Amino acid sequence: MIRKLLSRVFKLPERRPKPKVFPFTQHGVRRESISPAALKITSRLQEAGFAAFVVGGAVRDLLLGQHPKDFDVATNATPEQVHHLFRRSRIIGRRFRIVHVMVGAETIEVTTFRGGDDTVTDSEGRILNDNVFGSQEEDARRRDFTVNALFYNPSDETIVDYHHGVRDVHARKLAMIGNPVQRYREDPVRMLRAVRLAAKLELRIDEPTRKPIAELASLLQNVPAARLFDEMLKMLFSGQAYQCVRMLRQEGLHQGIFPLLDVIAEESAGADFIRLALENTDRRIREDKPVSVGFLLATLLWGQVQREWTRRMDFGDKPIPALFDAMAAAERIQDDQLAIPRRFATTMREIWALQPRFDNRDGSRPYRLLEQPRFRAGYDFLALRAAVGEVPQALVDWWTAFQEGDEAQRQALIAAARHSGEARTGAKKRRRRKKKPNGQGQPMDDGE
């Protein structure tokens, strides 16, 4: 502090931390662990006289013994210089310009070292524009957590560390670079990122980094809905989705931000349903199997849909129109909280709309349902509902046998369902319509 005061008064040169350079013998990360595309890009940049490093999460994950999902590159070359070197590339971004370089089927994000403190912020301290280039040291200081401020040089297999990131990786500690309050105000999404990384990588959030989160959680309400949706997807597909959601609640980051996840804390079938869906998603990601955004969103919002569906049928609406009205009501609520892209919302609605059709197992209807493009997703959704006791397991077993059986077996299943009286188990008898609180009791148009 005294040195800073003296440097302001006497204009002394500010003391800059010297980076620690770790050779391969101290970190054990071979260049063969790096994506061939990232190796090609760093090599070409260095041959052209520029500095180039693999940075951030890829280095962190390799030190933790994990396989990185993405390999990013940082360089002192400007976006225009990078674009000039690589024919298959494009410059993107407004707040900070970056270059996407395509090598084969892989796309590598190449960023120019970010500069110091010449940034534009709003009244809350949030960064609005930081399209400023700088040195490697400044770039390290601008990164969020120490474990993400690591630079790997494939040419000599060294790691450049300005903020004790290697030490924190080995200690499994997540610590903010700089003043956590200021850094969270610059970008409130860093609070969500702290929770996601801690849950995904089993890191302990350093106390000075963790303490301001509850106090500053309200800043997330000013973050654009589309950006919150993207961050939520990163958490849900982190491979530790259930743990992420639990940590969100522990740190007070759920209320007003992701209220659709609140049901997990409730002791109810709805909570069990979502927990099972998240655990299944985590398992599929760990097994490197495909996952569906629309399917998972359908599970998260199903509790809202189901409650409204039941309420409308209690007032005498038929199942199909009641379900569609319930779906529309749930979507209206979420439109105010999350910007769910149309392609995911469409998948969600199609999965929900199939559910009452599984009850009807008479005549040609099972065959028509089997031909639906979303049949498999709807069937998996039905299986989740059965797992928490929402529908009979026998219904799932029937559809399992029907889709796997030959024609004779299918006809026998339909006949057995008809004989037992279960062929139309979902066609509930229409009740006498109750008077609604607003005094209106006009029946709605029926509609399948």
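Check the entry above for the structure.
Residues numbered from 1 in each chain as written. Predicted model: local features only at pLDDT ≥ 70, side-chain atom pairs only at ≥ 80, totals over all residues. Heavy atoms only, no water.

S.K.: Any details on the overall build of the protein? Residues and values, ideally.
M.R.: Within the protein one finds 21 helices and twelve strands. Expressed as a percentage of the 448 residues in the protein, the buried residues total 48%. In the protein, the share of contacts with a sequence separation of at least 24, taken over all contacts with a separation of at least 6, comes to 65%. Total accessible area computed for the protein in this model is approximately 23100 Å², and 48% of it derives from carbon and sulfur atoms. (Helix = DSSP H or I, 4+ residues; strand = E, 2+ residues; numbered from the N terminus. Buried < 20%, exposed > 50% of the residue type's maximum accessible area, 1.4 Å probe, protein only. Contact = heavy atoms within 4.5 Å. Areas by Shrake-Rupley, 256 points an atom, 1.4 Å probe, with all protein chains shown as cover.)

S.K.: Would you mind going over the packing of aromatic side chains in detail, with residue names and values included?
M.R.: Across all of its chains, the model carries 16 aromatic pairs by this definition. Here the aromatic rings of Phe113 and Phe151 are separated by 6.2 Å at their centres, their planes lie at 80°, and the arrangement is edge-to-face. Of this pair, Phe113 sits in the loop between strand S6 (106-112) and strand S7 (120-121) while Phe151 sits in strand S9 (residues 150-153), and the two are 38 residues apart along the sequence. For Phe113, a relative accessible area of 3% gives the class buried. With a centroid separation of 6.0 Å and an interplanar angle of 80°, the aromatic rings of Phe295 and Phe381 are classed as edge-to-face. Separated by 86 residues along the polypeptide, Phe295 in helix H15 (residues 293-314) and Phe381 in helix H19 (residues 375-387) bring together distant segments of the chain. Residues Phe295 and Phe381 agree in their burial class; the two are buried. Counting every residue linked through ring pairs, the aromatic cluster contains Phe358, Tyr367, Phe375, Tyr379, Trp398, Trp399 and Phe402. Directly above the aromatic system of Phe86 lies the positively charged group of Arg44, at a separation of 5.2 Å from the ring centroid. (Phe/Tyr/Trp six-rings, centres within 6.5 Å; stacked < 30°, edge-to-face > 60°. Lys NZ or Arg CZ within 6 Å of the ring centre and 35° of its normal.)

S.K.: Any details on the packing of helix H9 (residues 189-201) against helix H13 (residues 241-250)? Residues and values, ideally.
M.R.: At their nearest, the axes of H9 and H13 sit 9 Å apart, and the two run at 135° to each other. One element, H9, and the other, H13, form an angle in the oblique class. In this structure, H9 meets H13 at a crossing whose hand is right-handed. Taken together, the residues of H13 that come into contact with H9 (itself represented by Leu192, Val195, Arg196, Ala198 and Ala199) are Gln243, Cys244, Met247 and Leu248. Each residue belonging to the contact of H9 with H13 can be placed in one class, and the counts come to seven nonpolar, one polar and one charged. (Axes fitted to C-alpha atoms, helices over the stretch in contact; angles between N-to-C directions. Parallel < 35°, antiparallel > 145°, perpendicular 65-115°, else oblique. Left-handed = near helix turned anticlockwise from the far one by under 90°. Nonpolar A, V, L, I, M, F, W, Y, C, P; charged D, E, K, R; others polar.)

S.K.: Please give an account of H9 that cites residues and values.
M.R.: Along its 13 residues, H9 runs 18 Å from first to last C-alpha, staying within 8% of the 18 Å computed at 1.5 Å per residue. Of the positions making up H9, those classed as buried are Val189, Arg190, Met191, Leu192, Arg193, Ala194, Val195, Arg196, Leu197, Ala198, Ala199 and Leu201. Looking one or two residues beyond H9, the residue adopting positive phi is Glu202, at roughly 55°. (Expected span 1.5 Å × (residues − 1).)

S.K.: I'd like a rundown of the pairing of strand S10 (residues 158-161), residues and numbers included.
M.R.: Burial along S10 is two-sided: the residues Thr158 and Val160 and Ile159 and Asp161 are all buried. Judged from the four bridges that link them, S9 and S10 form a sheet pairing that is antiparallel. Paired with Asn153 across the strands is Thr158, a residue of S10. Between the end of S9 and the start of S10, which pair antiparallel, lie four residues, with Glu157 showing a positive phi angle near 60°. (Pairing = 2+ DSSP bridges.)

Honestly, that's just the spatial picture; any functional story needs more than this.
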